[in-house]
Amino acid sequence: METSIVIAIISASASIIVAALSFVLNKRAERKAALQQRKVVHYQELLNALSDLAVDGTDKEKANQRFANAANTIALVAPQHVIEALMRFHDEVEFSNPNKSQESHDRALKELLLAIRKSLELPIRDDPKTFDFHLI
């Protein structure tokens, strides 16, 4: 085979490989971005439901239902560490929990928020030792 034909075959093959690789990487990035957006929507709903629970004068039964729905749908998009933090938070604030306290509530909420922030892959790093948050 002539050298020019071999070079043409190699060039064409390389072009096809680069185009395919580019397509695959682009699709992967699109799927990741779509998942991140879904996470944000679900996390917003969860935090809004938590806010409803914290506000005096709201219908607590309706707020509990909203929280339950938000918490249950988080399992669709959240990684395991977020779900585990959510379950610890839920167990902590459960009405039947005789050991609940404001301190343990705040600690569980802090762990949940840090897990959510980690899941969103924010370009900032949180320091769990100094991170402080409470519902407003």
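These numbers come from a predicted model, not from an experiment.

Chemist: Can you lay out the overall build of the chain for me, pointing to particular residues and giving the numbers?
Modeler: Looking only at helices and strands, one finds 4 helices and 0 strands in the chain. Scaling as 2.2 N^0.38, a compact globule of 136 residues should have a C-alpha radius of gyration of about 14 Å, whereas the chain reaches 23 Å, well beyond that. Along the longest, intermediate and shortest principal axes, the C-alpha atoms of the chain span 85 × 35 × 20 Å. Looking at the chain alone, contacts between residues at least 24 apart form 50% of all its contacts between residues at least 6 apart. As presented, the chain carries roughly 9,700 Å² of accessible surface, and 59% of it is formed by carbon and sulfur atoms. Side chains of the chain give 17 positive and 18 negative charges; the mean places of these two sets differ by 6 Å.

Chemist: Please give an account of the packing of helix α2 (residues 60-74) against helix α3 (residues 80-93) that cites residues and values.
Modeler: One way to put it is that α2 packs onto α3 with a least axis distance of 10 Å and a crossing angle of 155°. In this view, α2 runs roughly antiparallel relative to α3, as classed from their interaxial angle. Judged by the sense of rotation from one axis to the other, the crossing of α2 with α3 is left-handed. Between α2 and α3, the contacting residues are Phe-67, Ala-71 and Ile-74 on the first element and Val-82, Leu-86, Phe-89 and His-90 on the second. Its residues assigned to classes, the contact of α2 with α3 shows 6 nonpolar, 1 polar and no charged.

Chemist: Residues and numbers for α3, please.
Modeler: Here α3 is 14 residues long and its end C-alpha atoms lie 20 Å apart, about the 20 Å a rise of 1.5 Å per residue gives. Here the buried face of α3 lies against α1 (3-54), α2 and α4 (102-119).

Chemist: Can you break down the nonpolar core residue by residue, with the values?
Modeler: Leu-46, Phe-67 and Leu-112 are the most contacted members of the largest nonpolar core, which has 22 residues in total. Elements with a minimum of two residues in this core: α1, α2, α3 and α4. Per element, the largest residue contribution to this core is 7 residues, and it comes from α4. If we ignore the near neighbours within four places in the chain, the residues touching Phe-67 are Leu-46, Ala-49, Leu-50, Leu-53, Leu-86, Phe-89 and His-90.

Chemist: Can you lay out α2 for me, pointing to particular residues and giving the numbers?
Modeler: Look at α2: 21 Å from first C-alpha to last across 15 residues, which is about the 21 Å you get at 1.5 Å a residue. Every buried residue of α2 is listed here: Ala-63, Phe-67, Ala-70, Ala-71 and Ile-74. For α2, the angular spread of the buried residues around the axis is 100°, confining them to a single face. For α2, exposure combined with an orientation more than 90 degrees from the buried face picks out Glu-61, Lys-62 and Asn-72. Summarising the contacts, the buried residues of α2 are in contact with α1 and α3. Its side-chain oxygen 3.2 Å from the backbone nitrogen of Glu-61, Asp-59 forms the N-cap of α2.

Chemist: Explain the side chain of His-105 to me, and be specific about the residues and the numbers.
Modeler: With respect to the secondary-structure elements, His-105 resides in helix α4. Of the polar contacts made by the side chain of His-105, one reaches the side chain of Asp-106; its length is 3.2 Å. Aside from chain neighbours lying at most four places away, what touches His-105 is Phe-89, Glu-92 and Val-93.

Chemist: Can you break down the packing of aromatic side chains residue by residue, with the values?
Modeler: Under the criterion given, the structure shown has 1 aromatic pair. Pairing Phe-67 with Phe-89 gives two aromatic rings, centres 6.4 Å apart and planes at 70°, and the pair type is edge-to-face. Residue Phe-67 is found in helix α2, and its partner Phe-89 is found in helix α3; the two are separated by 22 residues along the sequence. The two residues Phe-67 and Phe-89 agree in class, both being buried.

Rules behind the numbers
Residues numbered from 1 in each chain as written. Predicted model: local features only at pLDDT ≥ 70, side-chain atom pairs only at ≥ 80, totals over all residues. Heavy atoms only, no water. Helix = DSSP H or I, 4+ residues; strand = E, 2+ residues; numbered from the N terminus. Rg over C-alpha atoms; globule rule 2.2 N^0.38 Å. Contact = heavy atoms within 4.5 Å. Areas by Shrake-Rupley, 256 points an atom, 1.4 Å probe, with all protein chains shown as cover. Lys, Arg positive; Asp, Glu negative; His and termini not counted. Charge placed at Lys NZ, Arg CZ, Asp CG, Glu CD. Axes fitted to C-alpha atoms, helices over the stretch in contact; angles between N-to-C directions. Parallel < 35°, antiparallel > 145°, perpendicular 65-115°, else oblique. Left-handed = near helix turned anticlockwise from the far one by under 90°. Nonpolar A, V, L, I, M, F, W, Y, C, P; charged D, E, K, R; others polar. Expected span 1.5 Å × (residues − 1). Core = buried A, V, L, I, M, F, W, Y, C linked by side-chain atoms within 4.5 Å. Buried < 20%, exposed > 50% of the residue type's maximum accessible area, 1.4 Å probe, protein only. Arc of directions from axis to C-beta. Polar contact = N/O pair within 3.5 Å; in protein donor to acceptor, adjacent residues only side chain to side chain. Phe/Tyr/Trp six-rings, centres within 6.5 Å; stacked < 30°, edge-to-face > 60°.

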